[in-house]
Amino acid sequence: MKSINKLIALSFLISIVAACNKQVDLQPTDVVPIERVFTSVNDLEQGVIGVYGTWQARRPIYLSAVFSDEARQGVGAEYRGVGAILFRWEHTSDAQDFRDAEAGNAWTNMYQVIDRANRVLFYLDDVPATTAADQAQKSRIRGELLALRGFAHFELMRWYAQRYTPDALGIPYMETYAQDPGNFRPSRPVSSEVITKIERDLAEARSLIPTTFTDISRVTRNGVIAMQARVALYTNNWDSAVARATAVINAQPLTPRASYPALWTTRNLPNNQSTEVIWKLNINASNVGLAVGPLFQDANGAVQFSPSTKLLNSYDSVNDIRFPTFYRTSPRPLLAKYGVITSLPTTENFVYDIKVLRTSEMYLIRAEAYAETNRVALGAADLNALRAQRIAGYTPMNITDRQMLIDEIMLERYRELAFEGHRYFDLKRRNLPIQRLLADVQNNTALQTLAPTDPRYLLPIPQQEIFANPNITQNPGY
Amino acid sequence: MRRCYLFLSFLLLSILSLAQTRTITGKITDERGEPVPFASVKLKGSRSGIAADAAGNFSISAKDNDVLVISGTGLVEKEITVGQDNVLNIPMQRNQSALTEVFVTGYNTKSRRSSAGSATSVTIDDIRTQPVASFDQLLQGQAPGINVVTGSGQPGRAANVTIRGRGSISGSTQPLYIVDGIEINAQDFSTLNQGDFESVTVLKDAAAASIYGSRAAGGVIVITTRRGRVGPTRFSYDVQFGRSQWPRSKLKLMNTNQKLDYELENGNPNGWTMAEIDSLRNIETDWEKVFFRTGITQQHQLSASGGNDKTRFYASIAYLNQTGVVQATALKRYTGRLNLETGNDNLRVGMNTTFGYSIFTSTQENDQVISSPLNGIRWSLPYFTPYDKEGNYLQDPTPSGQPNPLQELLENKRRFPQWKAIGNVFAEYKLPFYPAIMLRTNWGLDYTQNETEIYNRRTTAAGQVATGGQGSLARAFNRNLRYIGTNSINFKKTFGGEHDLAVSVYQEYLSEQFRAFNFTGYGLTLPFPNEAAITNGTSTNGFIPTVAGNGTENSLVSYFGEVDYGLMNRYFLHAGFRRDGSSKFGINNKWANFYNIGASWIISDEAFMESTRGKLDLLKLRASYGTVGNQDGILDFAARTQLGRSSYAGTTGLRLIDPGNPDLRWETRKTANVGVEFGLFKNRFGGSVEYYHSVTSDLFYRRAVSGTSGFASVLANAGRLRNKGIEVALRVQPVKTSSFSWNVEGNFTYNKNTILELGPDGEDNVQNGVAVHKIGKPLNTLWLVRYAGVDPDNGDPLYFDKEGKVTNVYDPENNVYLGTSDAPYFGGITNTFNYKGVELQVFWVYSLGNEVYNNDRLNVENPGYTASQLSTDLLREWRNPGDITDVPRADPSVYFLDATTRFVENGSFWRLRNVQVSYNLQRNLLQRLKINSLRVFVQGQNLFTITKYRGYDPEVPAGGFINAGAQYPTLKTITAGVNIGF
């Protein structure tokens, strides 16, 4: 073989790699580290919207309906056992309904709202606002955040305070966010301390939110005052209750009977003060997971809870506009306040705004405050004024007895505010037993009455919290 | 501060080489100086070579620095560089066992003889032709330590693979899959053609897997694809056809008369009149027959391989079409590959590329959703038919709410096309002036593009529950790009004849980017099965479509190296180190170090073992210890405090989604491994026994925090988990004659998993459905009240309390710890018989000692579901005082408590996974046909299963301790095929 001279010239470049820490220091693209976000008033606006988006207003509605005498369980194969433990009062502090992400638990959600509000408040002061418009917006945002923080704490008080008296155990008040969640273990102060802070937040919010801000999907000044009125009611602060309720009633009158059904059949009410809705949480396709309707009826029409016979019987089914508005009786009793499926196929998707504060509640608050302060005639007038806007041909009821007035107000709250997250808290507030009709408990007498003295009457602090935070005192009975 | 660790650059190396050819002669001997006859002597990198004569003498033409490669039967291949001597006497080493094999680690190739680590090679030729679309399924029973639960028989579904036990609670426990140096996802195997695979190695212990550092805690499965073979181009065509059947279910349902009678005895929940009942009694629908068909499998592959001393290639095209036994389920796959490499003695460059396109049409499985068609098989009433006389779909009028499952299956569409491209390029350069050093760079990418199309026709139940109630079309699209670059310097040299040293240092960069978007349109009022049918959404019509998307990325930077030292080819030491930096972790713990050490000793080569030669061919001891890590199973930015999108009132806002944890760090698994390998009687009997002990610490753990912080939990590291076990692999050749041989290979694994520590606050019991995480118990331990049967007096269900006393009160306080759903004992046995070219291979797999909660059974034994189909077990339910039975009375007032052992079943099984008869045509016939090889075969899969489990399949879906329902079991498949080489 002929020998060959070979010339091999190789150019070989393996690599030039400057491997530095920066290659493992990636920045997310869909989420942003918090410290870089809040630089303008517009960013704060985004933050406050995030707080509204966190609020799950359906939780008290579900709890109150299932736990008290508003609802009855579904039956047969379509009933998936939703809320059975809660309905049967067989709950423990670790029951599914009190776990995170379940509709019955406000503990996690309200503290989420509070934390998200506190995080925005933390950065708020440092955000520059140079123009007058920016300054006004920044101050309003601060007002909204304080109102949301205060009212979220009040919601927690409604659920977990042992009694609504100043000396009873309240819930931890978060004035700023927890820097190190892993080692944050607060204890429960007495109610009066919490209420003082709630009142302070709401008062400041009231001064910061201008009356010109009329978006009822946000907290307006009317919204703050209505929140204050509810706080006054729960704390027996009767004079304030009258004054605050009056302020709201004057600013946003009752929706009359004729337009009342539209209040409930309109999926998304206009975001202005043209109706009696003072504050609502908007539901649309993007947050349909927070809608109320699916809690009680499945998308295929299967009924998990229907209105109780006791509730249906409490109305004048012919003349009371609320009866056909709130319920269906054909083919069977169904709740229609947040959408209803009576037959398939259906276009019902349960996308309805959740009304949190309404003027009719203000009437009932004021009536109760009058009654408690022995101004029975004034109270009866408020009650009759509300009924006149709900019942066709209503003859004003002549009430002279204080207790009778209070009973009538409780009845009216049951009817007007049914499935709006009031009933259980109203009973607890007035130390009344939960009483159900035999027909609503499938003839199981054990499920008829729950006395305020029963250990299951109070709601437990979720067991998860007790595990993670040994400083929290559990409510008695759990 | 930014630190730069390594800066490699090799630029413009120019070499001038001049040489002359001359004749080299020599003699080849063995260790004892005895001549070795007929050994082959070749010039490396060339096709020219000669054979030595019977006395071991040879003569060959060569140049200076040419490398002679000497090989022969029973010899360890040896390379000699031609120097100044023209006469070479070459002592060779006898090949004493199968240990001359090599295995690939993905970064390099190692000699099995010297390896201190635990690595098992899977005999790919045995399994490649099995008609399963997702390759990971085929690993079942193939090697000790790998537990494969097939989970689903749906064509194209990936299996659940665990190596040496679950090492994580909330992180990933999947092994790392590496194909030609590139990491890929298990679920993408359905778009890869296993016909292209050449070797599969499972790296199990720290010494073997630690080179993968932070990704190796679940073990590593390294796959290489075929390289071209030197020689004229050879083609091969592989084809097979087959049919699949549905396995019989042990869970029997009522027939029409049984069901109607049962309904009448239990309050007639569907409200039939006597006339209706009489007419319904004439109908008897077997819903299994309605749903099932014979599945068809066909597979074609044409490949070509060839090359010369410089360039070689392998190319293939393949097609697979598998239809499931459930109507409307199928996988179609088209793949192509080209592997090409070229170069000379110093420089080699090459690339391996493949593309794949698969279309997966599926049905929902592993759920208990009423609209899932597979649940309809169980829940549909036998006295209804799917169609009326005109062929229209009939709807179940009862309050059961069961939609027509056949309509759901056939009218709706679930289609998942996937596009995939994997490719790598590499260059290797041996320094001409110092060939002991080789530089290598390898760059690869894995590109995956997935589409999801879920069409729900408006006439179906799924379409009616969609937003707007008029059907929905969801289309999602995502793409994932992962690329990885590895640079290495490898040094390998023998000093003084008995010191072998190999040192490699590597630097690697891995980056992964993911993007997705999707939309769902509603109001499909037009007859088109696609976007054209969507009604534009308005604020009033309820058809507003949803649109969303997301993206994320992560990266990993690594520096690592390993040292292997061998003394006298008997004593071996190994050490490795890897430093990984990951974008996933907290600023305080981004970087982590992993290390491993190992040693092995070939005892049988010692002089003092001289006396056993001939009987004991091999005895090897090895031991290793080291650490690997896990960073899989957490979100890419889990360590950061982040704001995400929030939607409210049609506007979007910012909301805190995670508090982050700057201290988040790696899960670390420490493994100690000892093993012994042996071969006896000329290797007719051999195997290995290993013991391993591993502890994973710093487990990813969602630590519960006070809810007042606004969070329920924070992702942190806490807890420890132990896996220890024994692995045995044995092979024996009981019979070997010139015309007949019988080989048995088997493996057995025992793995004991124990939770040593849970949360940071001494948590000792975290519930997880019907299972629990409990210190001292394995993961997925079932935790339920023991069922004690039925009270003959009143039909009440009875339970055992904590003390073992019978009570009629159900109380979760009486829960006891039961078995685990992860089988502790598993393995496989293969018997191979050869007779004159006919081969019969019988492959069994087994999995023993686990328990499964049979929720599928619960749903047809629940007296609350009287309106829908029920199990025949309820025919023996308690009716009258004195009845002795195990099924309680069907009184709706008896609250149905299902968290009891009544539905816990033994999940053990033995399964005849594959039987294959094949015939290789004899050489003289082949020559007459002018082809190189011809093999015909018939094989049957899963023909026979021994189990007590009452369901379709004891292998419940991935990761589950529960058979939720809608099970798509492993199929019985028979195929026949031909492999032709020409």
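Above: the structure in question.
Model, not experiment: these values are computed from the prediction.

Cut-offs used in this document
- Residues numbered from 1 in each chain as written.
- Chains lettered and ligands numbered in written order.
- Predicted model: local features only at pLDDT ≥ 70, side-chain atom pairs only at ≥ 80, totals over all residues.
- Heavy atoms only, no water.
- Pairing = 2+ DSSP bridges.
- Helix = DSSP H or I, 4+ residues; strand = E, 2+ residues; numbered from the N terminus.
- Axes fitted to C-alpha atoms, helices over the stretch in contact; angles between N-to-C directions.
- Parallel < 35°, antiparallel > 145°, perpendicular 65-115°, else oblique.
- Contact = heavy atoms within 4.5 Å.
- Nonpolar A, V, L, I, M, F, W, Y, C, P; charged D, E, K, R; others polar.
- Left-handed = near helix turned anticlockwise from the far one by under 90°.

A. Main features of the sheet that holds strand β42 (residues 787-790) of chain B. Residues and elements named next belong to chain B. Pairing within the open sheet is antiparallel, and its three strands lie in the order β42-β43-β44. At either end of the open sheet lies a strand with only one pairing partner, and these are β42 and β44 (806-807). Here strand β43 (residues 797-800) runs beside β44; their pairing, made up of two bridges, is antiparallel. Bridged to Y799 within β44 is T807.

B. The arrangement of the environment of A867(B) in detail. In this structure, A867(B) sits in the loop between α9 (855-861) and β49 (904-906). As for A867(B) and R215(B), which are separated by 652 residues in sequence, their C-alpha atoms are 51 Å apart.

C. Examining the packing of helix α1 (residues 41-54) of chain A against helix α4 (residues 106-124) of chain A more closely. All names here are of chain A. Contact geometry for α1 and α4: axes closest at 9 Å, N-to-C directions at 170 degrees. Looking at the two axes, α1 sits roughly antiparallel to α4. Of the residues in α4, those touching α1 at L44, G47, V51 and T54 are N109, Q112, V113, R116, A117, V120 and L124. Of the residues contributing to the contact of α1 with α4, the split by class is six nonpolar, four polar and one charged.

D. A look at unusual backbone geometry. The omega torsion of the bond from S330(A) to P331(A) falls at 5 degrees, within 30 degrees of zero and hence cis. Tracing the sequence through the fold places P331(A) in the loop between β6 (327-328) and β7 (334-335). Residue K836(B) is not a glycine yet carries a positive backbone phi of 45 degrees. As for its placement among the helices and strands, K836(B) is situated in the loop between β46 (825-835) and β47 (838-848). Notably, A966(B) is not glycine yet its phi reads approximately 45 degrees, a positive angle. Counting through the fold element by element, A966(B) comes out in the loop between β52 (962-963) and β53 (972-981).

E. Geometry of the packing of helix α8 (residues 238-251) of chain A against helix α13 (residues 359-372) of chain A. Residues and elements named next belong to chain A. α13 packs onto α8 with a crossing angle of 150 degrees between their chain directions and a minimal axis gap of 8 Å. Accordingly, the angle class assigned to the pair α8 and α13 is roughly antiparallel. The chirality of how α8 crosses α13 is left-handed. Here α8 contributes W238, A241, V242, A245, T246, V248 and I249 to the contact with α13, which in turn contributes T359, M362, Y363, I365, R366, E368, A369, Y370 and E372.

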